[in-house]
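What follows is the residue order along each chain.
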Amino acid sequence: MGCSNNKSKVQNLKLGDQIIEKKVDSVLSLMTLKEKIGQMVQYNGGWDLTGPPSKMSDKEKVEKLKNGLVGSMLNVVSVKATREAQKLVMDNSRLKIPLIFGYDVIHGYKTIFPIPLGESASWDLALIKKSAAMAAKEASASGIQWTFAPMMDISRDARWGRIMEGAGEDPYLNSMIAVARVQGFQGDDLSKENTIAACAKHFAGYGLAEAGREYNTVNIGEFELNNEVLPPFKAAAEAGVATFMNSFNELDGIPATAHKGIQRDLLKGKWNWNGFIVSDWGSIGELVPHGIAKDKYQASEIAIKAGSDMDMESHAYEANLEKLVNDGKIDVALINDAVKRILKLKFELGLFDDPYKYCNEEREVREVYSAENQKFAREVAKKSIVLLKNEDQLLPLKKSIKSIAVIGPLAYDKDTPLGNWRAQGKSYSAVSLLEGVKNMVSPTTEVVYQKGCDFILNDLKPGQSLFSHPLNINKTDISKIPAAVAAAKKADVVLLAIGENAYQTGEGRSQTNIGFAGVQSQLLKAVLQVNKNVVIILMNGRPMDITWASEHVPSILECWHLGSQAGNAIADVLFGDYNPSGKLPVSFPYNVGQEPLYYNHKNTGRPYNGGKLVTYSGYRDAPNNALYPFGFGLSYTSFRYDNLKLDKSKISKEGTINLSVDVTNTGNLDGEEVIQMYIHDRVGSITRPVKELKAFKKEMFKVGETKTINFTINNKILQFYTANKKWEVEPGDFDVFIGGNSVNTLKESFEVIN
Ligand code: BGC
């Protein structure tokens with residue numbers, strides 16, 4: 001029964017696709033070349049820049065819209081604004097092809113969820129999918145049909161500011177989370193009014209920018225590209241992501257926007273993906289400074305041949321494509337193909353049926369920033385917190401504790417928890433730590449607040465956006481420290497909120513120093529001198545150098561930039577209403593000099609042996625490993641792993657092994673654990689990582705409970721892009737590791753035979 005239902009669904013889908021294809025063809029046949037090129041043009045709304053401004057005036061834009069020469073707009077938000085722009089097209093243009101409105105809905109629309117890196121620490125795919133779905137619901141209620149998310153760039157370098165926007169350093173975790181986010185945004189039917197098209201970005205390699213410097217060169221080989229960078233994109237394409245965005249960086253000498261090999265040949269060719277590719281902001285024009293095109297005319301030729309279908313804010317296609325066709329430089333078939341892909345999505349979204357279907361004020365008021373959404377944002381935020389250290393079980397705190405000093409520049413900061421890429425998140429709207437604590441404690445608890453130091457001197461004013469401006473950090477004024485010390489002295493416990501401002505990570509926010517900026521370390525040291533019971537509430541968008549703190553402070557709670565409900569969620573964890581279960585999606589280094597740092601590195605010909613000779617791969621002044629490794633995170637309870645068993649020790653390339661491991665909650669509280677499975681392919685036709693995450697499960701354990709957790713190893717897990725330039729399983733010896741992080745694991749071995 002189930003089978004035949006599925007079959008008919010597939011047939012229906014195919015039929016639906018065919019009908020859409022027919023409609024697309026009939027619209028295309030009516031279009032002039034100019035109108036076709038217009039569909040490939042995307043304009044910014046003009047008031048909310050996320051890249052360098054263009055020279056075009058709003059008046060010129062309006063004229064182009066009226067003439068049907070624009071296919072899409074970005075950064076036009078709200079029912080009112082999108083309706084106005086749509087009306088210009090519908091009331092004036094010849095063919096009345098509706099606009100599609102895109103926006104960076106990265107971690108929520110107005111209800112802000114944790115930054116993507118933080119949310120990834122939940123390792124909770126259902127939760128992540130639901131948060132994307134809720135963001136889609138709010139965005140679609142505000143006139144938006146398309147988000148430029150999820151970002152799925154593998155990022156291993158804490159210096160790179162955009163590390164906050166992805167799921168960290170691991171290809172498997174990134175793939176699973178990318179799919180969850182795509183499914184959340186798109187739902188099972190794009191034509192529903194509460195789903196939006198997703199965008200897999202940035203294709204490809206952007207996260208591996210040399211030295212972590214923004215927009216920098218990426219030089220990786222074909223094997224690393226295929227094995228590490230592309231898997232999340234492939235997974236997203238297979239999950240039916242509607243669009244892709246290419247990226248600013250070059251890839252081994254070819255800017256991604258000009259890269260025919262990955263866009264036209266691989267994505268649209270070999271993977272047979274049928275969505276459209278939007279350029280990144282101005283990235284077609286940037287082929288000129290890259291030095292691969294001498295002007296925008298040539299840049300347009302290269303970009304369209306490479307596969308870029310829509311030009312975001314370069315104003316290159318609109319100025320050059322017609323001439324390129326007339327000069328015989330490009331075939332009009334390339335334009336037809338791009339336009340068909342764009343129109344197809346507009347049909348799928350239902351925009352041709354009703355261009356104003358996302359324009360419902362009543363729905364906007366009802367669904368955006370609702371109480372239900374706030375409640376869920378708190379749920380996501382508490383599940384994204386990672387307990388890094390908890391000496392002598394300082395945490396959880398009792399709600400009846402006598403006195404708490406809440407200290408630090410981020411303690412009463414209602415803006416920083418919103419993080420960067422906060423869409424319509426209203427400045428200063430987050431629940432601060434101080435408010436969260438006050439909401440939670442007993443009426444008899446004394447809560448004292450001291451800022452301790454000023455942090456950002458050009459602090460955000462309401463309504464002002466610091467998206468593209470540098471921050472001015474206080475590096476000298478320590479005058480507020482004594483009052484903080486006095487408060488700390490009298491309190492039973494100090495909650496010290498330090499870390500990074502919202503705008504220290506995100507686009508254009510690369511840093512060479514990943515420690516506590518400004519005078520925060522001085523504050524930490526001064527407070528610790530008078531009270532040992534310090535809990536660091538770390539708010540940040542990247543892995544930081546917290547080595548000193550981790551040696552001296554008893555408890556550290558990794559709280560990222562947790563979104564609208566940050567303070568309440570942190571209080572849930574601090575006071576034990578929620579037992580923390582997050583695990584790091586990125587390695588935390590001992591110091592910045594170790595970056596890029598990632599657990600799934602190669603062994604080298606001279607692996608570090610901790611020995612006395614220097615002739616091994618390592619540093620003389622720092623360890624090779626992470627301070628807090630990938631997959632790490634504590635709980636208020638503890639877990640024991642026993643009896644790792646494999647049902648076979650030898651399999652063929654197509655065979656499967658069933659594994660089981662017993663996990664026991666050995667502590668005094670119920671709690672969740674993320675059970676992680678890694679493999680190591682000992683010998684390959686190309687060198688293989690020392691460990692690779694291949695599966696995980698998040699499970700709840702009652703006190704004393706033991707559960708047998710099962711995994712399966714099969715060819716999907718064992719295959720990789722081999723020296724033959726194919727995805728295949730190679731026979732040989734493998735190790736399998738299971739544990740609660742990437743370092744402390746049980747280990748077994750097996751063999752794959754021909
Ligand atoms: C970013 C993209 C973003 C676009 C539109 C660019 O600067 O790299 O990720 O989607 O701007 O705001």
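Trainee: Explain the overall build of the protein chain to me, please; I cannot follow it from the model alone.
Mentor: The helix and strand inventory of the protein chain stands at 22 helices and 26 strands. Rg of the C-alpha trace for the protein chain: 26 Å, near the compact-globule value of 27 Å for 754 residues, within the 12% margin. Principal-axis analysis of the C-alpha atoms gives the protein chain an extent of 75 × 65 × 60 Å. Taking all 754 residues of the protein chain together, 61% fall into the buried category. Considering only residue pairs separated by 6 or more positions, the protein chain has 79% of its internal contacts joining residues 24 or more positions apart. On the protein chain, the mean spot of the 89 positive side-chain charges and the mean spot of the 88 negative ones are 1 Å from each other.

Trainee: Any chance you could explain the packing of aromatic side chains here in plain terms?
Mentor: To describe a pair of aromatic rings, you give the distance between the ring centres and the angle between the ring planes. All told, the structure shown has 26 aromatic pairs when counted by the stated rule. Relative to Phe 244, the ring of Phe 233 has its centre 5.8 Å away and its plane inclined at 40°; by these criteria the two rings are tilted. Here the residue Phe 233 occupies a position in helix H9 (residues 231-238), and Phe 244 occupies one in strand E6 (residues 243-246), the gap between them amounting to eleven residues. Judged by relative accessible area, Phe 244 falls into the buried class, the value being 0%. In textbook terms, an aromatic cluster arises when at least three aromatic residues are bridged by ring pairs, as seen for Trp 123, Tyr 172, Tyr 599, Phe 630, Tyr 678 and Phe 696. Above the plane of the ring of Phe 720 lies Arg 688, whose end atom (NZ or CZ) is 3.8 Å from the centre. Its end group placed over the ring of Phe 737, Lys 691 keeps NZ or CZ at 4.6 Å from the ring centre.

Trainee: So what exactly am I meant to see when it comes to the pairing of strand E15 (residues 534-539) here?
Mentor: Each regular strand displays side chains that alternate between the two surfaces of the sheet. Burial within E15 is extensive, with six of its six residues counted as buried. Burial along E15 is two-sided: Val 534, Ile 536 and Leu 538 facing one way and Val 535, Ile 537 and Met 539 facing the other are all buried. Summarising the sheet, strand E14 (residues 493-499) and E15 pair through six bridges and their orientation is parallel. Across the sheet, the residue bridging to Ile 498 is Leu 538, located in E15. Pairing geometry for E15 and strand E16 (residues 555-558), over four bridges, is parallel. Bridge pairing in E16 places Val 535 opposite Ser 555.

Trainee: I keep staring at a nonpolar patch on the surface and nothing clicks. Help me out?
Mentor: Among the surface-exposed residues, Tyr 608, Leu 613 and Tyr 616 lie close enough to one another that they form a single nonpolar patch of about 300 Å² accessible area. If you trace the backbone, Tyr 616 turns up in the loop between helix H21 (566-574) and strand E17 (639-646).

Trainee: Help me understand the pattern of salt bridges, please; the structure alone is not making it clear to me.
Mentor: A side chain of one charge can pair with a side chain of the opposite charge if their charged atoms are brought near each other. Taken as a whole and assessed by the stated rule, the structure comprises 48 salt bridges. With a closest N to O distance of 3.8 Å, Arg 363 and Glu 193 form a salt bridge. Here Arg 363, found in helix H15 (residues 361-367), pairs with Glu 193, found in the loop between helix H7 (171-186) and strand E5 (199-203); they are 170 residues apart in sequence, far enough to count as distant. Taking the relative accessible area as the measure of exposure, Glu 193 reaches 41% and is therefore partly exposed. Of the charged contacts, one joins Glu 500 and Arg 542 as a salt bridge, the two residues approaching to 2.6 Å between their closest N and O atoms. Of this pair, Glu 500 sits in the loop between E14 and helix H19 (520-530) while Arg 542 sits in the loop between E15 and helix H20 (547-552); the two residues are 42 residues apart in sequence, bridging distant segments of the chain. Accessibility expressed as a relative area gives 0% for Arg 542, which makes it buried. Within the structure, one salt-bridge network assembled from shared partners comprises Asp 104, Arg 162, Glu 165, Lys 201 and Glu 507.

Trainee: How do you make sense of the nonpolar core when you look at a structure like this?
Mentor: One recurring pattern in soluble globular proteins: nonpolar side chains tend to sit buried together. If you look at the biggest cluster of nonpolar residues, it comprises 191 residues, and the most contacted ones within it are Ile 537 and Leu 574. Every residue in contact with Leu 574, bar those within four places of it in the chain, is listed here: Leu 395, Pro 396, Leu 397, Leu 433, Val 437, Leu 495, Val 535, Ile 537, Leu 557 and Tyr 636. Formed by 24 residues, the second largest nonpolar core is a distinct cluster that contains Phe 639, Ile 679, Ile 713 and Val 736.

Trainee: How do you make sense of the environment of Gln 186 when you look at a structure like this?
Mentor: Within the secondary structure, Gln 186 is located in helix H7. What makes Gln 186 buried here is its relative accessible area of 7%. On a C-alpha basis, the gap between Gln 186 and Asp 311 in space is 23 Å, while along the polypeptide they are 125 residues apart. A distance of 3.0 Å separates the side chain of Gln 186 from the backbone oxygen of Gly 240, its partner in a polar contact.

Trainee: Would you mind going over the confidence of the model for the protein chain with me for this structure?
Mentor: Interpretation of the predicted coordinates at a detailed level should be avoided for regions scoring low in pLDDT. For the protein chain, the average pLDDT comes to 95, and 97% of its residues sit at 70 or higher. A low-confidence stretch, residues 1-10 (pLDDT under 50), is modelled with zero contacts involving residues beyond four sequence positions or located in other chains.

Trainee: Looking at this structure, I do not really get the sheet that holds strand E25 (residues 732-739). What am I missing?
Mentor: Strand pairing in a sheet relies on backbone hydrogen bonds, with the paired strands running either antiparallel or parallel. An order of E18-E26-E25-E20-E21 is seen for the five strands of this open sheet, with the pairing classed as mixed. Where the open sheet ends on each side, the last strands, each with one partner, are strand E18 (650-652) and strand E21 (692-701). Taken pair by pair, the neighbouring strands of this sheet meet at an average axis angle of 25°, ignoring direction.

Trainee: Any chance you could explain the sheet that holds E15 here in plain terms?
Mentor: The strand order E11-E16-E15-E14-E12-E13 describes an open sheet built from six strands, whose pairing is mixed. Two strands close off the open sheet at either side, each with one partner strand: strand E11 (386-390) and strand E13 (446-450). Sheet twist, expressed as the average angle between the axes of neighbouring strands with direction ignored, equals 15°. Against the sheet, helix H18 (residues 481-490) makes contact with strand E12 (403-407), E13 and E14, and its axis sits at roughly 155° relative to E12, the strand it touches most.

Trainee: Is there a simple way to explain the environment of Lys 612 in this structure?
Mentor: Along the chain, Lys 612 falls in the loop between H21 and E17. In this structure Lys 612 comes out as exposed when scored by relative accessible area, which is 85%. Along the backbone, Lys 612 and Leu 127 are 485 residues apart, and their C-alpha atoms lie at a distance of 48 Å.

Trainee: Would you take a moment to explain the pairing of strand E19 (residues 657-665) for this structure?
Mentor: For E19, a buried count of eight out of nine residues is recorded, marking the element as mostly surrounded by other parts of the structure. Note: E17 against E19, six bridges, orientation antiparallel. Its bridge partner being in E19, Arg 640 is matched across the sheet by Thr 664. One ladder, built from eight bridges, connects E19 with strand E22 (residues 706-713); its direction is antiparallel. Residue pairing across strands places Ile 657 opposite Ile 713, the latter belonging to E22.

Parameters and conventions
- Residues numbered from 1 in each chain as written.
- Predicted model: local features only at pLDDT ≥ 70, side-chain atom pairs only at ≥ 80, totals over all residues.
- Heavy atoms only, no water.
- Helix = DSSP H or I, 4+ residues; strand = E, 2+ residues; numbered from the N terminus.
- Rg over C-alpha atoms; globule rule 2.2 N^0.38 Å.
- Buried < 20%, exposed > 50% of the residue type's maximum accessible area, 1.4 Å probe, protein only.
- Contact = heavy atoms within 4.5 Å.
- Lys, Arg positive; Asp, Glu negative; His and termini not counted.
- Charge placed at Lys NZ, Arg CZ, Asp CG, Glu CD.
- Phe/Tyr/Trp six-rings, centres within 6.5 Å; stacked < 30°, edge-to-face > 60°.
- Lys NZ or Arg CZ within 6 Å of the ring centre and 35° of its normal.
- Pairing = 2+ DSSP bridges.
- Patch = residues over 30% accessible without salt bridge, like charges linked within 9 Å, V, L, I, M, F, W, Y side chains within 5 Å.
- Areas by Shrake-Rupley, 256 points an atom, 1.4 Å probe, with all protein chains shown as cover.
- Salt bridge = Lys/Arg side-chain N within 4 Å of Asp/Glu carboxyl O.
- Core = buried A, V, L, I, M, F, W, Y, C linked by side-chain atoms within 4.5 Å.
- Polar contact = N/O pair within 3.5 Å; in protein donor to acceptor, adjacent residues only side chain to side chain.
- pLDDT = per-residue confidence, 0-100.
- Axes fitted to C-alpha atoms, helices over the stretch in contact; angles between N-to-C directions.

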